[in-house]
Amino acid sequence: MSNLIKISSCFLLLVFMVQACQNQGKKQQNTPTEFQFKEKLSDYGFFKGKLSELNPNPELISYDLSSALFSDYAIKDRFIVLPEGSKMKYVDDEELEFPDSTIIIKNFAYRNSNDEKIMIETRLLVKDPADHNWKVMNYLWDEKQDDAVKFIRGVVLPISLKDDEGKLHKTNYMVPNTNDCKRCHIKDSKLLPVGPKARNMNFTRAGQNENQLVWLAKEGHLDNLPDLKEVEALPNWLDNANFSLEQRARAYLDINCSHCHRRGGDAFNTGLFLEYTETDTVRLGYHKGPVSAGSGAGGLDFDLVPGSPDKSILYYRMNSTEPGTAMPELARSMIHTEGVELIKDWIKHL
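Per chain, the residues get numbers from 1 upward, laid out in the order the sequence is written. In keeping with the predicted nature of the model, local features appear solely for residues at pLDDT of at least 70, side-chain atom pairs appear and are counted solely at 80 or more, and the whole-chain, interface and lining totals rest on all residues. Excluding hydrogens and water, the side-chain figures rest on all heavy atoms present in the structure.

1. Digging into the nonpolar core
Let me state the cut-off plainly: What we call a nonpolar core is a set of buried Ala, Val, Leu, Ile, Met, Phe, Trp, Tyr and Cys residues that are connected through their side-chain atoms within 4.5 Å. Exposure classes here rest on a 1.4 Å probe applied to the protein chains alone. A residue is buried below 20% of its type maximum, exposed above 50%, and partly exposed in between. Labels follow the DSSP assignment, with helices taken as runs of H or I lasting at least four residues and strands as runs of E lasting at least two, numbered in each case from the N terminus.
Counting residues in hydrophobic clusters, the biggest one holds 31 residues, and the most contacted among them are Tyr-252, Leu-253, Leu-274, Leu-314, Met-318, Ile-343 and Trp-346. Mapped by element, the contributors of at least two residues to this core are strand 7 (103-111), strand 8 (117-127), strand 11 (155-162), strand 12 (168-175), helix 5 (245-257), helix 6 (313-318) and helix 7 (337-348). At five residues, the largest contribution of residues to this core is made by helix 7. By size, the runner-up hydrophobic cluster in this structure holds 21 residues, among which are Met-88, Phe-98, Val-136 and Leu-191.

Have a look at this one:
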């Protein structure tokens, strides 16, 4: 009888172990694999034909922003790759919800003295299905413009480029390391996209006759889009025919500064919040003393003095390329003359 009990116990234990192994196997099968960045841009198969021409394959969604971040007059091409059968989801005018495995592509190039478009870097932002978090990687283009290779540590490249008016400049273009990218994309300790927000995409692209968000919804790429009257629209800071000085200046600060100067951003502790939707004048810097600008404040007392750009730290720091003073402190080596003049004019008329 005791032998029979022992045999039964062993059989039950064996059954339990088999079931446990099966359950573990199912669990492992259901756990998404962590995303692995490929070594070369060409390895992804995003583009057809000559890679530097950036001719997108059908699965790529090209998009633009109403106002764009200044990056030394760089020419930017932007694409989104959604996993098959998936859509973005409108949450509010600040946020679009992207499905796991989304890849956001941003390419940087410049116009040289011969008016040739020269590729510099391509940045990928990927929503990893394994942990649902965004991860970033840079790809640096080779001299022959044949391909771009994974590049983590960052580099400074001496280049000669033409600005928007065709004027030639010599500068040291800064390709950021991946940690630099994280600083600008952090909100509440999480990495997030900066550019493709609903309000930044709520406009009709050049050469198109339909609002970009509406087009995305019609094409089956965007879900839950309300009536456009309910969606905030970020103005084009260059468009002085359709937008006021106030609107244009605030839009410029939003896209160039608010990714850090916002609640939960890298510069949260400064108390200076520059999002387009901010209405509190103190948080916008009016007669607000700096928290810890040090020598970067240029001996000035307030972030923003209405009517006096020369007394405003905001204007002073934008009009500098000195390390420790220049703002934004990353992603540029040149003063954005047109942007600085806009902010100067805005402060004058406050």
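2. Topic: the sheet that holds strand 8
Which entries qualify depends on this criterion: Two strands make a pair as long as DSSP finds a minimum of two bridges between them. Only C-alpha atoms enter the line fits that serve as axes; for helices the fit covers just the stretch in contact. Angles between N-to-C directions range over 0 to 180 degrees.
Taken in spatial order, the six strands line up as 3-4-7-8-9-10 in an open sheet, and their pairing is antiparallel. Each edge of the open sheet carries a strand with a single partner, namely strand 3 (60-62) and strand 10 (148-150). When the angles between neighbouring strand axes are averaged without regard to direction, this sheet yields 30°. Alignment of strand 8 against strand 9 (residues 134-141), held across seven bridges, turns out to be antiparallel. Looking at strand 9, one finds that Thr-122 is bridged to Tyr-139.

3. So, the packing of aromatic side chains
The relation between two aromatic rings is expressed through the spacing of the ring centres and the mutual angle of the planes. What counts here: We call Phe, Tyr and Trp rings a pair once their centres come within 6.5 Å, taking the six-membered ring for Trp, and we label the pair stacked below 30 degrees between planes, edge-to-face above 60, and tilted otherwise.
With the rule as written, the count across this model stands at eight aromatic pairs. Consider the rings of Tyr-44 and Tyr-139, whose centres lie 5.9 Å apart with planes at 85°: the pair is edge-to-face. A residue pair is termed long-range when its members are at least 10 positions apart, and Tyr-44 in the loop between helix 1 (2-30) and strand 1 (47-48) and Tyr-139 in strand 9 qualify at 95 residues. Just as Tyr-44 is buried, Tyr-139 falls in that class too. An angle of 70° between the planes, with centres 5.4 Å apart, marks the rings of Phe-47 and Phe-79 as edge-to-face. Of the two residues, Phe-47 is situated in strand 1 and Phe-79 in strand 4 (residues 75-81); the sequence distance between them amounts to 32 residues. For Phe-79, a relative accessible area of 5% corresponds to the buried category. What links up through ring pairs into an aromatic cluster is the set Tyr-44, Phe-46, Phe-47, Phe-79 and Tyr-139.

4. Thoughts on the pairing of strand 11
Of the pairings in the sheet, the one linking strand 11 to strand 12 comprises eight bridges and is antiparallel in character. Counted as the bridge partner of Pro-158 is Asn-172 from strand 12. The turn linking strand 11 back onto strand 12 is made up of five residues, and Gly-166 within it adopts a positive phi angle of 90°.

5. A few points about empty space enclosed by the protein
We apply this condition: Every definition here rests on a 1 Å grid over the protein atoms only: cavities are sets of points where a 1.4 Å probe fits but cannot get out, pockets are open sets enclosed by protein on both sides within 12 Å along at least five of seven lines, and lining residues have some atom within 4 Å of a point. Grid points are joined across faces, edges and corners, and a volume is the space filled by probe spheres set on the points.
Here the structure, examined in full by the defined rule, presents two cavities of 30 Å³ or more. Computed from the structure, the second largest cavity encloses a volume of approximately 80 Å³. What lines the second largest cavity is simply Leu-69, Phe-70, Tyr-252, Asn-256, Met-318, Met-327, Pro-328, Arg-332, His-336 and Val-340.

6. Considering unusual backbone geometry
At the junction of Met-327 and Pro-328, the peptide bond is cis and its omega measures out at -10° in the coordinates. As for its position among the elements, Pro-328 is in the loop between helix 6 and helix 7. Positioned with a positive phi, Ser-101 is a non-glycine residue whose angle comes to about 75°. Within the secondary structure, Ser-101 sits in the loop between strand 6 (96-97) and strand 7.

7. Regarding the environment of Ile-104
Stated precisely, the cut-off is as follows: Only heavy atoms enter the contact rule, under which two residues are in contact if any of them lie within 4.5 Å.
Secondary-structure assignment places Ile-104 in strand 7. Residues Ile-104 and Val-136, spaced 32 residues apart in sequence, show a C-alpha to C-alpha distance of 9.5 Å. If we skip the residues at most four places from it in the chain, Ile-104 touches Tyr-63, Phe-79, Ile-80, Phe-98, Arg-123, Leu-124, Leu-125, Trp-134, Pro-193 and Pro-196.

8. Comments concerning the packing of helix 5 against helix 7
Keep this limit in mind: Roughly parallel refers to an angle under 35 degrees, roughly antiparallel to one over 145, roughly perpendicular to one between 65 and 115, and oblique to any angle outside these ranges. Here a crossing is taken to be left-handed if its near helix is turned anticlockwise relative to the far helix by less than a right angle, and right-handed if that turn runs clockwise. Three classes are used, and their members are as follows: Ala, Val, Leu, Ile, Met, Phe, Trp, Tyr, Cys and Pro are nonpolar, Asp, Glu, Lys and Arg are charged, and the others, Gly among them, are polar.
Direction vectors running N to C along helix 5 and helix 7 enclose 130°, while the axes themselves pass 9 Å from each other. Relative to helix 7, the element helix 5 lies oblique. In terms of crossing hand, the pair formed by helix 5 and helix 7 is left-handed. Residues Leu-245, Glu-246, Arg-248, Ala-249, Arg-250, Tyr-252 and Leu-253 of helix 5 pack against Gly-339, Leu-342, Ile-343, Asp-345 and Trp-346 of helix 7. By residue class, the composition of the contact of helix 5 with helix 7 is seven nonpolar, one polar and four charged.

9. Some remarks on the side chain of Asn-211
As for its placement among the helices and strands, Asn-211 is situated in the loop between helix 3 (198-201) and helix 4 (212-218). Sequence-distant contacts of Asn-211, that is, excluding residues within four places in its chain, are made with Asn-202, Phe-203, Thr-204 and Leu-228.

10. Digging into the side chain of Asn-57
Tracing the backbone through its elements, the reader meets Asn-57 in the loop between strand 2 (55-56) and strand 3. Setting aside residues no more than four positions away along its own chain, Asn-57 makes contact with Gly-45, Phe-46, Phe-47 and Lys-48.

11. Structural notes on helix 5
The α-helix advances 3.6 residues per turn, and as a result positions three or four apart in sequence lie on the same side. The criterion, for reference: Take the residue count of a helix, subtract one, and multiply by 1.5 Å to get its expected span.
Look at helix 5: 17 Å from first C-alpha to last across 13 residues, which is about the 18 Å you get at 1.5 Å a residue. Counted residue by residue, helix 5 has 10 buried out of 13 residues, so it is predominantly covered. Within the sequence span of helix 5, burial applies to Arg-248, Ala-249, Arg-250, Ala-251, Tyr-252, Leu-253, Asp-254, Ile-255, Asn-256 and Cys-257. The inward-facing, buried residues of helix 5 contact helix 3, helix 6 and helix 7.

Keep in mind that these numbers describe shape and distance, not what the molecule does.
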